[in-house]
Amino acid sequence: MWRVFWVPQDAVRAGVRRRVLAGWDDLPGREDAAGMQAGDPIFLSPDYGVDPLLGLYVQSATFRKYTAETKRNYATDIALLLTFLWGRGRAWTDVAERDLEDYEHWRRFAPNNPDRVGGTKWDRELAAFASLYGWAVKNGHVTRNPVAMKQVRSRNGEVVTAPAARAKDARPSNVHWLTPRTWRRWIDVGLCGHGRDGVPEPGWAGRLEDRNVAFTRLLVSSGLRRAEGGSLLTFEVPRQRLDGGRYYRGKVAAGVTRSKKDRAFYVAAAAVGEIEAYADSSRAWAVAQAQRKGLYERLPGARVVTEVTRRVRPVVRWRGLDGSSGECPPGELTVRERALLFTEGPRGLEPLWLWLTEQGMPFGVHSWEGVFRAANERCERVLTPPGRVGLDPHQVFAPYATPHSARHSFALYMLVVLNVLMDQKYGLTAEERRDFRQLYGDPWFMVQQLLGHASRDTTVDRYLAPVADLNLRSMLAGAPEPIAAPMPELDAVFARVARESDGIQDVDGIGQSLAGAP
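Here the structure is a predicted model, which means the values were calculated and not measured.

Participant: Would you explain the pairing of strand β9 (residues 316-320) in this entry?
Facilitator: Every regular strand shows the same layout, with side chains that alternate between the two sheet faces. In β9, alternate side chains face the same way, and those of Val316, Trp318 and Gly320 are buried while those of Arg317 and Arg319 on the opposite face are not. Of the strand pairs in this sheet, strand β8 (residues 303-308) and β9 are connected by five bridges, and their pairing is antiparallel. Note on β9: the bridge partner recorded for valine 305 is tryptophan 318. Both β9 and strand β10 (residues 325-328) contribute to a ladder of four bridges, which runs antiparallel.

Participant: Looking at this model, I keep getting lost on the packing of helix α7 (residues 97-108) against helix α8 (residues 119-138). Mind explaining?
Facilitator: In helix packing, the relevant descriptors are the interaxial angle and the interaxial distance, both defined with respect to the helix axes. Two elements in contact, α7 and α8, have axes whose closest approach is 11 Å; the angle formed by their N-to-C orientations is 150°. In terms of orientation, α7 lies roughly antiparallel with respect to α8. In the crossing of α7 with α8, the sense of the turn from one axis to the other is right-handed. Between α7 and α8, the residues in contact are Leu100, Tyr103, Glu104, Arg107 and Arg108 and Gly119, Lys121, Trp122, Glu125 and Phe129, respectively. Classifying every residue of the contact of α7 with α8 gives four nonpolar, one polar and five charged.

Participant: Can you walk me through unusual backbone geometry in this structure?
Facilitator: Look at tyrosine 48: it is not a glycine, yet its phi comes out positive at around 65°. Here tyrosine 48 shows up in the loop between β2 (41-44) and α4 (52-58). Of note, the phi angle at leucine 208 is positive, near 55°, even though the residue is not glycine. Positionally, leucine 208 belongs in the loop between α9 (180-191) and α10 (209-222).

Participant: Just to check I follow, could you spell out the packing of aromatic side chains for this structure?
Facilitator: Working definition: an aromatic ring pair is given by the centre-to-centre distance plus the angle between the planes. A complete count under the given rule lists 18 aromatic pairs for this structure. Look at tyrosine 103 and phenylalanine 129: their rings are 5.9 Å apart centre to centre, the planes differ by 65°, and that puts the pair in the edge-to-face class. Here the residue tyrosine 103 occupies a position in helix α7, and phenylalanine 129 occupies one in helix α8, the gap between them amounting to 26 residues. Taking relative accessible area as the criterion, tyrosine 103 reaches 1% and is therefore assigned buried. Aromatic side chains phenylalanine 363 and tryptophan 368 sit 4.8 Å apart centroid to centroid with 75° between the ring planes, which places their arrangement in the edge-to-face category. Take phenylalanine 363: its relative accessible area is 12%, and that puts it in the buried class. Ring pairs connect the aromatic residues Tyr57, Phe63, Tyr66, Tyr74 and Trp135, which therefore count as one cluster. Over the ring of phenylalanine 363 we find arginine 211, and its NZ or CZ is 4.0 Å from the ring centre.

Participant: Would you explain the nonpolar core in this entry?
Facilitator: Most often, soluble globular proteins keep nonpolar side chains buried together rather than apart. Grouped together as the largest cluster of nonpolar side chains are 51 residues, with contacts concentrated most on Trp183, Trp186, Leu191, Leu218, Leu224, Ile275 and Trp355. Put simply, the parts of the chain that give this core at least two residues each are α9, α10, β6 (247-252), β7 (263-268), α12 (269-280), α13 (282-293) and α15 (368-383). Tallying contributions element by element places α15 first for this core, with seven residues. With sequence-adjacent residues up to four places away left out, isoleucine 275 is seen in contact with Ala214, Leu218, Val237, Leu354 and Trp355. One finds Val4, Leu82, Trp122 and Phe129 within the second-largest nonpolar core, a separate group that totals 31 residues.

Participant: Just to check I follow, could you spell out the sheet that holds strand β12 (residues 348-351) for this structure?
Facilitator: Working definition: the strands of a sheet are paired by backbone hydrogen bonds and lie parallel or antiparallel to each other. Reading across the sheet, the five strands line up as β10-β9-β8-β11-β12 and stay open at both edges, with mixed pairing between neighbours. The open sheet has two edge strands, β10 and β12, and neither has a second partner. With strand direction ignored, the average angle separating the axes of adjacent strands in the sheet is 45°.

Participant: Is there a simple way to explain the side chain of asparagine 113 in this structure?
Facilitator: Mapped onto the secondary structure, asparagine 113 falls in the loop between α7 and α8. The contacts of asparagine 113, once residues within four sequence positions are left out, are Trp106 and Arg107.

Participant: So what exactly am I meant to see when it comes to the pattern of salt bridges here?
Facilitator: It is possible for side chains bearing opposite charge to pair when their charged atoms get close. In total, this model carries 24 salt bridges according to the counting rule given. Of the charged contacts in the structure, one is a salt bridge between arginine 90 and aspartate 99, with a shortest N-O distance of 3.2 Å. Given the relative accessible area of 32%, arginine 90 is considered partly exposed. In this structure, arginine 108 engages glutamate 104 in a salt bridge whose closest nitrogen and oxygen atoms are separated by 3.7 Å. Placement of the pair is arginine 108 and glutamate 104 together in helix α7, with a separation of four residues, close to one helical turn. The pair formed by arginine 108 and glutamate 104 is uniform in burial state, with each residue classed as buried. Residues joined in a network through salt bridges with shared partners are Asp77, Arg107, Lys121, Arg124 and Glu125.

Participant: Quick question: what am I supposed to make of the environment of leucine 349 here?
Facilitator: Assignment of secondary structure puts leucine 349 in strand β12. In this structure the C-alpha to C-alpha distance between leucine 349 and glutamine 291, which are 58 residues apart in sequence, comes to 7.2 Å. Setting aside residues up to four positions removed in sequence, leucine 349 forms contacts with Gln291, Tyr296, Glu297, Val304, Leu321, Phe342, Thr343 and Glu344.

Definitions and cut-offs
Residues numbered from 1 in each chain as written. Predicted model: local features only at pLDDT ≥ 70, side-chain atom pairs only at ≥ 80, totals over all residues. Heavy atoms only, no water. Buried < 20%, exposed > 50% of the residue type's maximum accessible area, 1.4 Å probe, protein only. Helix = DSSP H or I, 4+ residues; strand = E, 2+ residues; numbered from the N terminus. Pairing = 2+ DSSP bridges. Axes fitted to C-alpha atoms, helices over the stretch in contact; angles between N-to-C directions. Parallel < 35°, antiparallel > 145°, perpendicular 65-115°, else oblique. Left-handed = near helix turned anticlockwise from the far one by under 90°. Contact = heavy atoms within 4.5 Å. Nonpolar A, V, L, I, M, F, W, Y, C, P; charged D, E, K, R; others polar. Phe/Tyr/Trp six-rings, centres within 6.5 Å; stacked < 30°, edge-to-face > 60°. Lys NZ or Arg CZ within 6 Å of the ring centre and 35° of its normal. Core = buried A, V, L, I, M, F, W, Y, C linked by side-chain atoms within 4.5 Å. Salt bridge = Lys/Arg side-chain N within 4 Å of Asp/Glu carboxyl O.

Rendered as structure tokens:
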């Protein structure tokens with residue numbers, strides 16, 4: 001089958017390759033001359049050939065404008081199509097519409113395919129093919145685009161071109177919601193090693209437990225995306241104040257957001273405290289270990305930040321270990337560039353990247369998927385009664401979470417909390433509530449701003465679909481007087497939301513089965 005390899009970071013190609021490829025010491029220079037960059041995919045055919053046209057595509061402006069995640073998804077999707085065509089003896093430049101129709105049948109409907117995909121996954125693959133063939137037609141490498149296209153109207157009212165064969169059964173997004181107490185249960189069992197009795201199991205090592213818990217609580221309480229929270233620098237974390245506060249305000253740099261615009265975020269004070277505890281404990285220990293081994297001074301491309309200017313548009317200034325220097329607005333730093341930023345500490349260089357491995361090196365944003373996967377597996381093993389694992393889809397005992405489900409859950413939590421604050425804390429009448437929301441905006445609009453969505457429809461249709469048709473005022477009715485701040489736990493409210501909605505995971509403190517689980 002076709003395989004995808006990735007051009008490594010300079011730290012890898014400057015080390016491993018010189019030992020493995022004897023006589024190829026000039027390989028990094030050759031790669032640079034060919035325009036290859038770290039993170040570019042390389043497609044390798046079953047007979048170990050490299051297609052030069054595919055190499056041009058991944059170096060094109062069309063492909064390079066995609067985020068790292070989109071690049072990875074598109075490359076793997078294209079490799080699967082190349083494998084299918086290879087079995088037919090066809091080159092990708094000779095594909096007809098019939099070939100793509102046959103491929104769709106195989107991917108989605110063929111009885112002898114054990115790994116069939118749904119409409120949402122197929123739509124993503126179709127977008128990858130449309131990108132490749134659109135570029136190939138534009139540059140004269142193929143005469144006709146085999147992906148049939150049509151004009152549609154986007155959410156913003158713009159007329160855009162999209163593949164005509166988009167699936168009719170595609171879901172807008174794969175959304176997971178967990179109530180606050182379910183998140184607490186998931187963290188305790190999955191990340192902190194608790195058993196069904198709520199006590200850490202004997203032999204639990206808890207490696208990097210404080211890091212993993214702090215990161216999860218950051219996402220759950222702020223609604224940050226995985227790449228946004230995972231690429232934070234130490235000086236971007238809000239600091240706790242002596243006068244206290246329930247939430248602290250921070251800023252997400254444009255370079256790591258999907259919209260490429262700066263955005264404010266708010267994170268719970270408790271989450272900030274856990275981040276500071278991690279920074280002062282296991283993170284500090286990992287940095288000290290790396291310093292003793294001299295790892296940071298040997299890292300190619302490392303940049304030592306000398307100043308972050310205070311002005312309307314701040315600038316990060318740095319010097320390279322090779323004597324070079326440069327500067328860049330913080331909002332323009334990419335995730336990869338952020339991982340190379342250091343500062344001079346009392347014992348040597350210290351990384352500015354917040355989340356580190358046990359070796360003291362930056363923990364990649366995609367590596368968090370593995371942390372969540374391991375936690376899900378542990379919850380499944382610990383909380384599901386023997387003999388019931390995977391056998392009853394309607395009786396779910398263990399919560400399941402992803403980094404993005406933290407964002408979904410944050411949206412649901414903030415919607416309910418904002419409604420409580422408006423309808424009960426302020427004790428508004430129906431008329432007063434209308435005037436108040438005209439002045440400040442309704443909770444849906446506020447949640448939209450917190451998530452950084454350009455469209456309200458995205459917030460309502462995708463993230464808050466379970467409660468979009470509920471009358472929250474009546475759902476939350478019953479409080480005898482306005483709720484005082486700080487607000488008490490709303491477990492009973494969320495339990496009711498879960499019972500009356502689809503897709504929301506809720507589990508009580510003693511591990512009863514999840515309400516609303518799909």
